[in-house]
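Descriptive structure summary
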Amino acid sequence: MAVPADLTILDISGKYVMNKSLTDPRTDTILALQGVGWLKRKAISYGTVTLSVKHYKEDDVECIDIDQTITGGIPGTSETRRLIWTERELEDGVFGFVIGKSRRIKVDELDIEFLKEGWTADTLEHGVVQSYVESDTPKSGTTWIANQTWGMEEIDGERRYVRHVKFTGPQNEDIEARLVYDYPPSPLLDIDAHVAGKHIVVPIESTLIKSTRHLTSPWLLLFLGAVYIIGLAFFSRSQSFLTPPSSFIGCTSTYWLANNQCGQDGSGCGPFDDSAFDFRCPAQCGNVILQNPRTVGNEQIAFKPLVVGGGDANRTYRGDSFICAAAIQAGVISGSKGGCGTLQLAGNFTDFLPFTSHGLTSIGFPTVFPISFRFSSSTSLSHCTDLRDAALAFNILVTCALFILLRPKPIVLYWCLVCIGFWHVALFSQPQGPPPKLDVAFGSFLPVLFIAYAFWRLAFRFVMPAFSRAPLESCVLYLGGFWVGILNNLTFDKLPLSRLTGSDVTKRNGAITTLVVILVIIVVLAINQVRVVRKTGWLPHYLGWYILGGLVTLVLAFLPGLSLRLHHYIIPMIIIPGTAFPTRLSAIYQGLLLGLFLNGTAAFGFDSILQTPDDLRQDAPLGSDLPDFITNSTNYNTNIPFANQTLFWAPLIEGWDGFALLVDDVQRYAGTALNFSLASLNASIPHFFRLAYTEDGAAGDFTMPGVLWPNGTWQDPLPGPS
């Protein structure tokens, strides 16, 4: 990255990172001749060399303070250069004992051509900085001379900070090398432009930094941090701990389980009536959908909340409806703020009517079901409002204040983001509750901190400090993506692609298109990032690690009996190391990926990258054998009275020991018989029949429903499982 046009050799204050692709590769040879060991040289070659420069005058003497840091465990060095051409002895962390002197000099006064050539016109006008360093041979045991000039140079059309090094080794080895440095991006909001012949200067970022400098005290940050923690505790108490824990239900809570999980005649899900329940629902339950098709009568519902009925005058819902979604549709609670209500079980009910209200549409069920519920007009519960929106606004303001006003050191700012993001998800936006399971959250928090530290070491410490002079810009770059990732349940979860598995991609409309668009975007961004990495000289290093990681992943993918699952907390762990380069896009990537990582770990914990088919299937069909109905539309005899009708199916096949029959979505028979009498059914309403094989009482997949209509018409089941 180029230096600003107004940055000259008269004041080189700033931060610079060595660009290894533009720097002479013989620097390793120079280090070897200076007596630097092989291990340390390799660490330097793989590390990132960063210079923090302060250029100033003291008592009319020009001074340059340089803090040099090298990643990879190499100790950094600090030095103060006074440009008065006076020798000074010092001990360098890399080169040992040396003697050095520095000055500003016009290039015409130099006698080495390499030190004079290539500089920009302003550098020639102001003079280069010359640094002459030689080994202190009696103390170091080596002999070498490094004669350098510093200034600005045009390289590939970009203005860069460069050092020319004329090196003489112990055996009079002569090496001329050029060291080229990148400069962090200059603040976009420090406007300095020429428009229509006028010079417009609007230093927004610089003015903000100066006017709020008094707010950057560490003691103020410590005090406000304590206030924040106390306030968050009270906020969380109001959110989750003033309502009886037994009243909390989740967005998918129901009174009835799928297929035959309630047992014979639903006995495992009773009582069916004369029971009331005070409940509290979280916010945003209207967004929680079925991930796999669910059969209700002769309809299948998927990718929407399961709500059956509600269209009659009493707002009666079938017992397997999502209680919270039904309460939103009935107007009992708010979709955005949750709420409390009282539910009254109503027992048997016939003909659940479809209904549309408050943005939700239920489906109908035209026959009888053993359990139903209605909502009362009042509830005894209090403190029912979900405060997640208020908590979100509060935490967004806090993080903005950290970036713009308080401006702590980058590492402190980073850890503030990690903690605020994790606990916002764990306590408010997606708690593993309700109410939040604090023991589970703390169990995940410690490993999150370890992984977050790795993120800092691998990537964030190279990018966040680069934007320390641009608080407004860094706030937008980091926090925009950060909160999008933290609120994954409201952002990326809205896409018709919930999991990267073959079954998920094919079963939902728009999933393939979404996947293609995402892949195209990722490929374009990856190509751009590769271009950035290549310029720094780090591309072979990163390619090696990513190829190794890809091979390991490939091996894992082919382990028998297991499926590879890239949870959304794993994806940031893969990508973040590749963002360790101080560009604006890297800052955006880091904010987004950190938010996704914190969302995944706080909301779901550390699920395994390898899962069994049962883990991935959830409530989808097993893929088991399906029995066949012998009764069909061609042999059903309407002349036989309904009470004397019998339903027949084919005999057992190998591997199964019985049958389970659902009548109107309730198990009415389990055993080895090959028929079922319809005598107990009401002839005036439709009935829906689904059949499955069983083994040791566990049912396989059920067939699609066969339907017997009141007019005596039998409708054959469609192929496939329900």
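As a starting point, this report considers the structure included with it. (Residues numbered from 1 in each chain as written. Predicted model: local features only at pLDDT ≥ 70, side-chain atom pairs only at ≥ 80, totals over all residues. Heavy atoms only, no water.)

**So, the sheet that holds strand β13 (residues 273–281)**
Read from one edge of the open sheet, four strands run β13-β17-β22-β16, paired in antiparallel fashion. Every other strand in the sheet has two partners, leaving β13 and β16 (317–318) as the edge strands with one partner each. (Pairing = 2+ DSSP bridges. Helix = DSSP H or I, 4+ residues; strand = E, 2+ residues; numbered from the N terminus.)

**A closer look at helix α12 (residues 471–486)**
When the terminal C-alpha atoms of α12 are compared, their 21 Å separation across 16 residues agrees well with the 22 Å that a helix rising 1.5 Å per residue should span. The largest bend in α12 comes to about 25°, at Leu479. Counting buried positions along α12 yields twelve of 16 residues, so the element is predominantly enclosed. Buried residues of α12: Pro471, Glu473, Ser474, Cys475, Leu477, Tyr478, Leu479, Gly481, Phe482, Trp483, Gly485 and Ile486, and no others. (Expected span 1.5 Å × (residues − 1). Bend = angle between axes of the 7 residues up to and from the residue. Buried < 20%, exposed > 50% of the residue type's maximum accessible area, 1.4 Å probe, protein only.)

**Here's the deal with the packing of helix α10 (residues 410–429) against helix α11 (residues 438–463)**
Relative to each other, α10 and α11 sit at 150°, their axes nearing to 10 Å. Regarding the angle of α10 to α11, the classification is roughly antiparallel. Along this stretch, α10 crosses α11, giving a crossing that reads as right-handed. Facing α10, whose interface residues are Pro410, Ile411, Tyr414, Trp415, Val418, Cys419, Phe422, Trp423, Ala426 and Leu427, α11 presents Leu438, Ala441, Phe442, Ser444, Phe445, Val448, Leu449, Ala452, Tyr453, Phe455, Trp456 and Phe460. The residue inventory of the contact of α10 with α11, partitioned by class, reads 21 nonpolar, one polar and no charged. (Axes fitted to C-alpha atoms, helices over the stretch in contact; angles between N-to-C directions. Parallel < 35°, antiparallel > 145°, perpendicular 65-115°, else oblique. Left-handed = near helix turned anticlockwise from the far one by under 90°. Contact = heavy atoms within 4.5 Å. Nonpolar A, V, L, I, M, F, W, Y, C, P; charged D, E, K, R; others polar.)

**As for the state of the cysteines**
Under the definition given, this model contains four disulfides. Disulfide pairing is shown between Cys262 and Cys269; the S-S distance is 1.8 Å. Here Cys262 and Cys269 share a disulfide; its torsion about the S-S bond, -80°, makes the bridge left-handed. Exposure remark for Cys269: the relative accessible area of 10% places this residue in the buried category. Described in terms of the sequence order of its bonded cysteines, the disulfide pattern of the chain is 1-5, 2-3, 4-6, 7-8. A disulfide-free cysteine, Cys400 has its sulfur positioned 3.9 Å from the sulfur of Cys475, the nearest such atom. (Disulfide = S-S within 2.5 Å.)

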